[in-house]
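# Descriptive analysis of the structure
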Amino acid sequence: MKRTGAQLIWEVVTREGVDTVFGYPGGAILPAYDALVEYKNLHHVLTRHEQGASHAADGYARATGKVGVAVATSGPGATNLVTGIATANMDSSPIVCITGQVGSTVIGKDAFQECDITGITQPITKHNYLVTRAEDIVGVLREAFYVARSGRPGPVLVDITKDAQNQEVDFEWGDSPIRLPGYRPDLSALPEEYDRALKLLSEAKRPLFLAGQGIIMSGAEEELRKLAEAAHVPVALTLLGLGGLPTTHPANLGMMGMHGEAWVNTAIQEADLLIALGMRFDDRVTGDLATYAQNAKKIHVDIDPAEIDKNVKVDVGIVGDLRAVLTTFNERLKPQKRDAWSEYIEKSRGEAEQHDILKAAEPGGLYAAHVIDELRKLTGDNAIIVTDVGQHQMWEAQYYAHNQPRTLITSGGLGTMGFALPAAIGAKMGCPDKEVWVIAGDGGFQMTACELQTCAQENLDLNIIVINNGYLGMVRQWQEMFYDKRYSETPISSPDFVKLAEAHGLTGARVETLGDVPGAVAASQAHKGTSLTDFRVVAEDAVYPMVPTGKALDQMVRRPRKTPAIRQDT
Amino acid sequence: MLNPNEPIQRTAARRQLHTFVVYAEDKPGVLSRITSLFRRRAYNIDSLTAGHTDVPGVSRLTVVTESDDAEARLIEANLYKLVNVLRVEDLTHVSAMKRDLALIKVRCNADARPQVMQMIEVFRARIIDVAPESLVLEITGTGDKIDGLLEILQPFGIIEMVRTGGVAMTRGSEATTVHPHFVHALVPQTGN
Ligand SMILES: Cc1ncc(C[n+]2csc(CCOP(=O)(O)OP(=O)(O)O)c2C)c(N)n1
Ligand SMILES: [Mg+2]
């Protein structure tokens, strides 16, 4: 069977089980776009910027667990993908980016729209390839998909020259070998390691599980729940780990770290054993390393051996897929009771509630917490919330209740503003039957607001919440706390978001008072089609608690108790 | 090689030269992937050499870096994460021969020549070029030995010198690491 290189690209993509790709055409990728017309079962979403395509592929991957695909032309098309690739890389999201490249004979000659995209993306991809011959396309793309999704997942970029896309070659699916002799995605640990870990666990009086995104990526939610129950060990979650254990589960303490719950951070500092599961001790999670959990022995389970001992030196390191590791733990564990420890944590949880703005009798305005709390009440467990980066992101993590995996999609490691809307487009394409909500700040939303038109063209049913505080709020908060309230370049104006939505043929609404929140959230939910609601919230609110950088995890700045009266009804 | 099954060794955080032997697929960009890894993780490279092996398609690199044992383990683990890297061996704590080669052009007229020749004899260096005002010497040996020769040549005036950086091999009849033949890694079939 004769096929062009361009056709082979889509042969592989469709056989890999991909139904939707996100991209933007241009000169060097023209042959691929021409061939795309024949692949009727593959849906292409035309984003309005290639950054949107890479974020959408990422959102698709995070929502579905499948590999997301982004396509772009050479030069500026490829460089526009970069932010999305770096975002996916930091959060271990499996995406494959396919870029066109100038003809192989002019590579290195500064040809029109030539750009060394494999060089540029080398440090921010799991692996990348330059393909100059049609006969290599199938093998390389199959490798790309396999590398992207296996082991610790991550982005892979495949740069394909225009002549390779045009060449015709004989094609037989079985003839294209995958050769990855050096690739080891499937390491596992010896029984002795489990012995040491289980011994530490059985001796511990105040143990804690620290669960990260690895739980969700390996599908180990059930094993984690069983283990937490049998070992009677509370579970703290990272931002990307939210959804790994239902928020409603009694063992779930909530989020740890810089804006984690006070009782969680205190518990970490007082624990005598930390068992880290698929998380990487990011500095936003540990605070000052020299003072981090000094009384605790540490066990670290991760699929990536390079994570063990990277930031925090541990006593036992177990390398392996979490689901397999936790299954072994569950098989070998003798159930235990640790009532004193759980009671202690519950008590500090109760005390911390006094600082909660939702419990204030007269909050004195509309807070983001009110909006997110209402959203929590009105959405079922399966709704997917995609957040942008900033204060609203942290409030979402604190006030929404994620009871299912893959229901929070957010840029954790890179903290990429502008992520939410395009990632939500990807999530909705991947999960058309699920309700998808965007929560963005007024600043970040403006970074990729052009994708509103993508929603319109695709007739998507997205619900967009803009938490509008008139500031680059998170940066303003740092200026307030650490730079003497010198608000350098953080006040930000916005277009009329309602009119903006309408200009794109979508629906918009504005909410300025607490009383209007429930109605507005319900209206957005009921509306078929994309709707944007602009919530005008208190301008100078801050995210609490906050562990200032360089401080110990339990040295948190708490919400000042301006309004001591606590509502009794909730 | 990296063995996830081995308990992680706790050793003193003493910084010393670590010598890694790295086998990698001979593909475009592999060297740059390796140097880029050292750069972005802020590991220093003392020297790096690369060349072909007896297996077509496989390169062998020797990377010498100053680090403590914990960092060396992370360097090894990170090298393994590069898809094209086949095997990594840290030769720091095993019995191995380490060699460096240097060419040294030293200022030396006829009067000084006997004196220089006498000294380099001790170091088993060879003269490979003689000119009226200079000599070119070739020396192989450990880094320390070459440093020693350079020191005593310094007073004569070193015009130019080049060093290859270290290469290493274990002693005895065993290969330094399992022979990295190309194997077809087991990859699940997808599609139809
Ligand atoms: C692309 C990018 N640029 C800059 C930043 C730094 N930054 C982090 S949060 C933030 C403010 C975000 O403001 P907004 O979107 O209005 O959200 P808010 O914090 O007000 O909720 C900024 C500028 C970033 N994370 N990403
Ligand atoms: Mg804002």
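The structure displayed is predicted, hence computed values, not measured ones.

Residue and element names in this part refer to chain A. Applying the stated criterion across every chain, the model contains ten aromatic pairs over all chains. An angle of 80 degrees between the planes, with centres 6.4 Å apart, marks the rings of F171 and W173 as edge-to-face. Neither F171 nor W173 differs from the other in exposure class; each is buried. Where Y471 meets Y487, the ring centres are 5.6 Å apart and the plane angle is 70 degrees; that geometry is what we call edge-to-face. With Y471 in the loop between β18 (462-468) and α20 (473-482) and Y487 in the loop between α20 and α21 (497-503), the pair connects residues that are 16 residues apart, well separated along the chain. The exposure classification of Y471 matches that of Y487, with both residues buried. Over the aromatic face of Y471 sits the side chain of R476, whose NZ or CZ is 5.5 Å from the ring centroid.

Let us look at the pattern of salt bridges. In this structure the tally under the stated criterion is 38 salt bridges over all chains. Salt-bridge contacts for E307 of chain A lead to K310 of chain A; the nearest nitrogen and oxygen are separated by 3.1 Å. Residues participating in the shared-partner salt-bridge network are R152, D304, E307 and K310 of chain A together with K81 of chain B.

On to the layout of surface pockets. Residue and element names in this part refer to chain A. In this structure, the second largest pocket spans a volume of roughly 1100 Å³. The leading source of residues in the lining of the second largest pocket is helix α15 (residues 368-378), at five residues. Looking at the lining of the second largest pocket, you find at least three residues from each of domain 2 (191-351) and domain 3 (356-536).

Residues and elements named next belong to chain B. You can read the domains of chain B as domain 1 (16-94) and domain 2 (97-167). Between the C-alpha centres of domain 1 and domain 2 the distance comes to 29 Å. Facing the seven residues of domain 1 at the interface are five residues of domain 2. At the boundary of domain 1 with domain 2, total buried surface from both sides reaches about 420 Å², with 55% on carbon and sulfur atoms. Among the residues domain 1 hides against domain 2, the three largest losses belong to T19, T49 and T62. Together they make up 63% of the total. Viewed at the interface, domain 2 and domain 1 are joined by zero salt bridges. Top element by residues in the side of domain 1 that touches domain 2 is strand β2 (residues 47-52). It accounts for three residues. Within the side of domain 1 that touches domain 2, the residues separate by chemical class into two nonpolar, five polar and no charged.

Parameters and conventions
Residues numbered from 1 in each chain as written. Chains lettered and ligands numbered in written order. Predicted model: local features only at pLDDT ≥ 70, side-chain atom pairs only at ≥ 80, totals over all residues. Heavy atoms only, no water. Phe/Tyr/Trp six-rings, centres within 6.5 Å; stacked < 30°, edge-to-face > 60°. Buried < 20%, exposed > 50% of the residue type's maximum accessible area, 1.4 Å probe, protein only. Helix = DSSP H or I, 4+ residues; strand = E, 2+ residues; numbered from the N terminus. Lys NZ or Arg CZ within 6 Å of the ring centre and 35° of its normal. Salt bridge = Lys/Arg side-chain N within 4 Å of Asp/Glu carboxyl O. 1 Å grid on protein atoms, 1.4 Å probe; cavity = no way out; pocket = protein on both sides within 12 Å on 5 of 7 lines; lining within 4 Å. Points joined across faces, edges and corners; volume = space filled by probe spheres on them. Domains from an automatic or database assignment. Contact = heavy atoms within 4.5 Å. Buried area = accessible area lost by both parts, 1.4 Å probe. Nonpolar A, V, L, I, M, F, W, Y, C, P; charged D, E, K, R; others polar.

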